[in-house]
Amino acid sequence: MDKLLIRGGAQLHGEVRISGAKNAALPELCAAILTDQPVVLQNMPRLQDVRTMLALVRNMGVDCQQDDAGSVRIDAAGLSSPEAPYELVKTMRASVLALGPLLARFGEATVSLPGGCAIGSRPVDQHIKGLQAMGAQIVVEHGYMIAKLAKGRERLHGASIRTDMITVTGTENFLMAASLAEGETVLENAAQEPEITDLAEMLIQMGARIQGHGTSRITVTGVDKLGGCTHKVVADRIEAGTFLCAVAAAGGDVFLRHGRADHLDAVIEKLREAGASVTGTPEGIHVASQGRLNAQNFRTTEYPGFPTDMQAQFMVLNAIGKGSSVVTETIFENRFMHVNELLRLGAKIQLDGKIALIEGVERLSGATVMATDLRASASLVIAGLVAQGETIVDRIYHLDRGYDQMESKLRAIGADIERIK
């Protein structure tokens, strides 16, 4: 099993290219099966979750061709098996995104209940409820969601869908399904993340009729057929935010090419309040930092608030920052699993339910730590960059699920980091 060996203390200088967003690439790979015409997705990140999703759609009979330039060509004309088996999706939450497109195009789907990071409950009941409102009949048995159209129907139909909570993958599933449904679908309490806007723009290129994406109310007027398109996957705001925190913690001066400052307003505001210099440009984001920053209180919430996917990385800044801080996690109940590992490095953190109380220390000390989920692994890498001595981060297969060659990008800007067996 691979590990990362990090020798802390080096500042970071230079340029990093931000890859395409995992959380846009995965639903867009599923959206490609809505049509029998070829779809080309550019700026595809090289991630384990992307490889898993490609294996999933290939298993359905879809032809997928990937080149070295980061483009994937998907041709779903020969899709013959509308099923997502457990063996292919047990490590990836996003497998549920196959449910809506398969139902919309083929009228049936068998999708395993998904896996992924153990950061808390992410129930699929909202997906099921919304698709049932559109005319699907869905039962859950033997670990699978088995869906088909109601008797006598040839297509899903439009509906008014209001989820009990804001759900990103739910909004994406309904967007894709509604694009081929009969009539109008209105999504209330919709998620507003940039990745959803990117998916909607791709669907519009394919011929979908969508309005309101990027707001909490989205209207979709179904069409009879979708066509192919060429679409560039939006830049990964969480990867950009992770590198922002890495530079802010370690010190230095770095340009994040293709980073979108307008997708990171809440994070950038906190970084500036802490004392880092962050400037957005049309080409990317410039970040510079020197010395210990000031610890910041923050509370995770749905976009455009502070993202739960940035909580662990920013907590490292607070752990070595000046003063004390309070971090409140409102999205996932198990998203403080990185705290015990940060304590091994010398951080002073106390947990009280959904709240972390952090007392900043001047320095961390290297140790062997274990990644427990995707974003926790990124936080431990940042901690290793600033810790004295050597830090070994174990179980980095979590990191590989969501970061495109992170250690290579860090090494290119001055980090002393290497992958070891």
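Residues numbered from 1 in each chain as written. Predicted model: local features only at pLDDT ≥ 70, side-chain atom pairs only at ≥ 80, totals over all residues. Heavy atoms only, no water.

Student: Please give an account of helix H7 (residues 194-205) that cites residues and values.
Tutor: Over its twelve residues, H7 extends 17 Å from the first C-alpha to the last, a length consistent with the 16 Å expected when each residue adds 1.5 Å. Against helix H1 (22-31), strand S3 (39-42), helix H6 (168-179), strand S12 (209-211), strand S14 (229-232) and helix H8 (237-250) lie the buried residues of H7. Once H7 ends, the next one or two residues include Gly207, with phi positive near 115°. (Helix = DSSP H or I, 4+ residues; strand = E, 2+ residues; numbered from the N terminus. Expected span 1.5 Å × (residues − 1). Contact = heavy atoms within 4.5 Å.)

Student: Explain the sheet that holds strand S13 (residues 217-221) residue by residue, including any values.
Tutor: The strands making up a sheet associate through hydrogen bonds between their backbones, and the pairing can be parallel or antiparallel. If you walk across this open sheet you meet the four strands as S10-S11-S13-S12, and the pairing is mixed. Edge positions in the sheet fall to strand S10 (160-162) and S12, since each has one partner strand and no second. Taken pair by pair, the neighbouring strands of this sheet meet at an average axis angle of 15°, ignoring direction. Docked against the sheet, H6 engages S10, strand S11 (184-188), S12 and S13, running at close to 25° with respect to S13. (Pairing = 2+ DSSP bridges. Axes fitted to C-alpha atoms, helices over the stretch in contact; angles between N-to-C directions.)

Student: Mind laying out the packing of aromatic side chains, listing which residues take part and the relevant values?
Tutor: For the structure shown, the criterion picks out three aromatic pairs. Between Phe298 and Phe306, the ring centres sit 4.2 Å apart and the planes meet at 25°, which makes this aromatic pair stacked. The pair Phe298 / Phe306 is uniform in exposure class, with both members buried. When the centroid spacing of 5.3 Å and the interplanar angle of 70° are considered together, the rings of Phe298 and Phe314 count as edge-to-face. (Phe/Tyr/Trp six-rings, centres within 6.5 Å; stacked < 30°, edge-to-face > 60°. Buried < 20%, exposed > 50% of the residue type's maximum accessible area, 1.4 Å probe, protein only.)

Student: Any details on the pairing of strand S8 (residues 136-141)? Residues and values, ideally.
Tutor: Summarising the sheet, S8 and strand S9 (residues 144-149) pair through six bridges and their orientation is antiparallel. For Val139, the partnering residue across the bridge sits in S9 and is Ile146.

Student: Which residues make up the nonpolar core, and what values do they have?
Tutor: Of all hydrophobic cores here, the largest spans 76 residues; its most connected members are Leu175 and Leu203. Broken down by element, this core gets its largest block of residues, six residues, from H1. Setting aside anything within four residues of it in sequence, one finds Leu175 in contact with Leu187, Ile196, Leu199, Ala200, Leu203, Ile210, Ile218 and Val220. Counting 71 residues, the second largest nonpolar core, distinct from the first, contains Cys245, Ile320, Ala356 and Val369. (Core = buried A, V, L, I, M, F, W, Y, C linked by side-chain atoms within 4.5 Å.)

Student: Tell me about the state of the cysteines, residues and numbers included.
Tutor: Per the stated rule, a full pass over the model turns up zero disulfides. With no disulfide of its own, Cys30 has Cys64 as its nearest cysteine by sulfur position, at a separation of 11 Å. Unpaired in this structure, Cys229 has its nearest cysteine sulfur neighbour in Cys64, at a distance of 14 Å. (Disulfide = S-S within 2.5 Å.)

Student: Break down the environment of Arg73 for me, with residues and values.
Tutor: Inspection of the secondary structure assignment puts Arg73 in strand S5 (residues 72-75). When its relative accessible area of 36% is taken as the criterion, Arg73 is described as partly exposed. For the pair Arg73 and Ala24, spaced 49 residues apart in sequence, the C-alpha separation works out to 16 Å.

Student: Describe in detail the side chain of Asn43, supporting the description with residues and values.
Tutor: Here Asn43 is to be found in the loop between S3 and helix H2 (48-59). Given the relative accessible area of 11%, Asn43 is considered buried. A distance of 2.8 Å separates a polar atom in the side chain of Asn43 from a polar atom in the side chain of Arg17. What Asn43 contacts, discounting residues up to four positions off in sequence, is Arg17, Ser19, Gly20, Gly70, Lys232, Val233 and Val234. (Polar contact = N/O pair within 3.5 Å; in protein donor to acceptor, adjacent residues only side chain to side chain.)

Student: Can you break down the sheet that holds strand S18 (residues 298-299) residue by residue, with the values?
Tutor: If you trace the four strands from one edge of the open sheet to the other, you get S18-S19-S21-S20, paired in mixed fashion. Edge positions in the open sheet fall to S18 and strand S20 (348-352), since each of these has one partner strand only. The sheet contact formed by S18 and strand S19 (residues 324-328) spans two bridges and is parallel. Residue pairing in the sheet places Phe298 in a bridge with Val327 of S19. Running over the sheet, helix H10 (residues 311-319) touches S18, S19, S20 and strand S21 (355-359) and is turned about 30° from S21.

Student: So what's going on with the pattern of salt bridges? Residues and values would help.
Tutor: If charged atoms from side chains of opposite charge come close, those side chains can pair. This structure, assessed with the given rule, holds 23 salt bridges. Among the ionic pairs, Glu15 bridges to Arg257, the shortest N-O distance being 2.7 Å. With Glu15 in strand S2 (residues 12-17) and Arg257 in strand S15 (residues 252-257), this residue pair connects regions lying 242 residues apart in the sequence. A salt bridge links Arg237 to Glu195, with the shortest nitrogen-to-oxygen separation between them at 2.8 Å. In this pair, Arg237 is assigned in helix H8 and Glu195 in helix H7, connecting sequence segments 42 residues apart. (Salt bridge = Lys/Arg side-chain N within 4 Å of Asp/Glu carboxyl O.)

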